[in-house]
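A structural walkthrough
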Amino acid sequence: MNKEKLIDCPVCKTEMVIRENIKEVTKCPNCGHVYVDYPGDANEFHQHAYRVSTVHGRRGNTHEFDTTRRFNPKFHQDRSRICDGRIKCLQNNLDLSKCSTMLDIGAGGGTFARWAREKLNLKEIKCQEISEICIHNLQMDGFSTYTGDFNSIDWDNPKNNTGFDLVTCWHVLEHINDIQKFAEQVGKITNKYLVIEVPLDERPNMGPVKKPSLNGWDGHHHFFTFESISLLFKDKFKTCTRTSKKGIQPPSLQVILEK
Ligand SMILES: [Zn+2]
């Protein structure tokens, strides 16, 4: 017989059953949110990930990025296409004339922030990042930064919360275990737009799902649906619009929330 464990959906609180045969992964019967009940710490995962070769050039520090760019033109093309797509998403869907300040949450080595600095006419771009290697490089590159886990930063302190017209969150939310706290805090610091991109659930039938192991775990606690994102932010934003189209790389769900 399968052992069962009950947990509440981290988005809508509907009871979900985790059966042992599908390991720690379960899907909410109400909002479709997929939760990975894995005891790993995403912070630790990232601190480690930034140091290992598998992520060289992906979200590592500037040096890694530049090295990879020099030796791997294909990588640079991919990055360019991804950043171009993100810039176009903002240009096509937001009223950027209403935006002068931006916060990039989980800025990594600053790839997107640099593109935004080049392509968008913003007065100020700040970056939040947990990896100290990345923070160092972001600062060397002239960005002002918040260091540490987004949820651990004291956003009630007016010194930290200066309010941002535009907040971007590219492939970050799936790593944050306490997404209710994240929604609460990001709602407080966003003046106008919150843009979220998360990976699409590529495991819709929930199987065969490999048990996430320390070595195999991809650091993702969540797979969102459009509905679960809408529900998560419904008291904090006025509208939630899906903007992702077919063919977006990597396969992602992209939404814009507006105050
Ligand atoms: Zn749910």
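Residues numbered from 1 in each chain as written. Predicted model: local features only at pLDDT ≥ 70, side-chain atom pairs only at ≥ 80, totals over all residues.

1. Some thoughts on the overall build of the chain
Helix and strand counts for the chain stand at 7 helices and 12 strands. A burial count over the chain gives 36% of its 259 residues as buried. (Helix = DSSP H or I, 4+ residues; strand = E, 2+ residues; numbered from the N terminus. Buried ≥ 20, exposed ≤ 12 C-beta atoms within 10 Å, placed from the backbone.)

2. So, unusual backbone geometry
With a phi close to 70°, Lys13 is a non-glycine residue in the positive phi region. Judged by C-beta crowding, with 13 C-beta atoms within 10 Å, Lys13 ranks as partly exposed. Of note in this structure, His171 is not a glycine but carries a positive phi near 55°. Locating His171 in the fold gives a position in the loop between strand E8 (164-170) and helix H6 (179-189). Accessibility expressed as a C-beta count within 10 Å gives 17 for His171, which makes it partly exposed.

3. As for the sheet that holds strand E9 (residues 190-199)
Whenever strands of a sheet pair, they do so through backbone hydrogen bonds, lying parallel or antiparallel. On the basis of which strands lie adjacent, the open sheet formed by 7 strands has the order E7-E6-E5-E8-E9-E12-E11 and mixed pairing. At either end of the open sheet lies a strand with only one pairing partner, and these are strand E7 (144-147) and strand E11 (239-242). Taken pair by pair, the neighbouring strands of this sheet meet at an average axis angle of 20°, ignoring direction. Sheet topology places E9 next to strand E12 (residues 252-258); 7 bridges connect them, and they run antiparallel. If you follow Leu194 over to E12, its bridge partner there is Leu257. Each of strand E5 (101-105), strand E6 (124-129) and E8 touches helix H4 (residues 111-119); the most contacted strand, E6, lies at about 175° to it. (Pairing = 2+ DSSP bridges. Axes fitted to C-alpha atoms, helices over the stretch in contact; angles between N-to-C directions. Contact = placed C-beta atoms within 7 Å.)

4. Remarks on the environment of Lys234
Tracing the backbone through its elements, the reader meets Lys234 in the loop between helix H7 (226-232) and E11. Separated by 23 residues in sequence, Lys234 and Leu257 have C-alpha atoms that sit 9.3 Å apart.

5. With respect to the pairing of E5
Taken across its 5 residues, E5 has 4 buried, putting it largely inside the fold. In this sheet, E6 lies alongside E5 in parallel orientation, the contact comprising 5 bridges. Looking across to E6, one finds that Met102 is bridged to Ile125. Where the polypeptide runs from E5 across H4 and back to E6, its parallel neighbour, the crossover connection is right-handed. (Right-handed = clockwise from strand over helix to strand, strands pointing away.)

6. Here we look at the confidence of the model for the chain
Residues at a pLDDT of 70 or more form 72% of the chain, whose mean pLDDT is 80. This model gives residues 52-71 a pLDDT under 50, and the stretch forms 29 contacts once residues within four places in sequence are excluded. Contacts for the low-pLDDT stretch residues 203-215, under 50 throughout, to residues beyond four places or in other chains number 16 contacts. (pLDDT = per-residue confidence, 0-100.)

7. A closer look at H6
For H6, the complete set of buried residues consists of Ile179, Phe182, Ala183, Gln185 and Val186. Packing partners of the buried residues in H6 comprise E8, E9, strand E10 (222-223) and H7.

8. Things to note about the environment of Asp95
If you trace the backbone, Asp95 turns up in the loop between helix H3 (73-93) and E5. In this structure Asp95 comes out as exposed when scored by C-beta crowding, with 9 C-beta atoms within 10 Å. For the pair Asp95 and Lys192, spaced 97 residues apart in the sequence, the C-alpha separation amounts to 9.7 Å.

9. Structural notes on the nonpolar core
Among the nonpolar cores identified, the biggest contains 52 residues, and Val167, Cys169, Leu173, Leu194 and Ile196 are the most heavily contacted of them. Once residues within four sequence positions are removed from consideration, Ile196 is found in contact with Cys169, Leu173, Ile229 and Val255. (Core = buried A, V, L, I, M, F, W, Y, C linked by C-beta atoms within 7 Å.)

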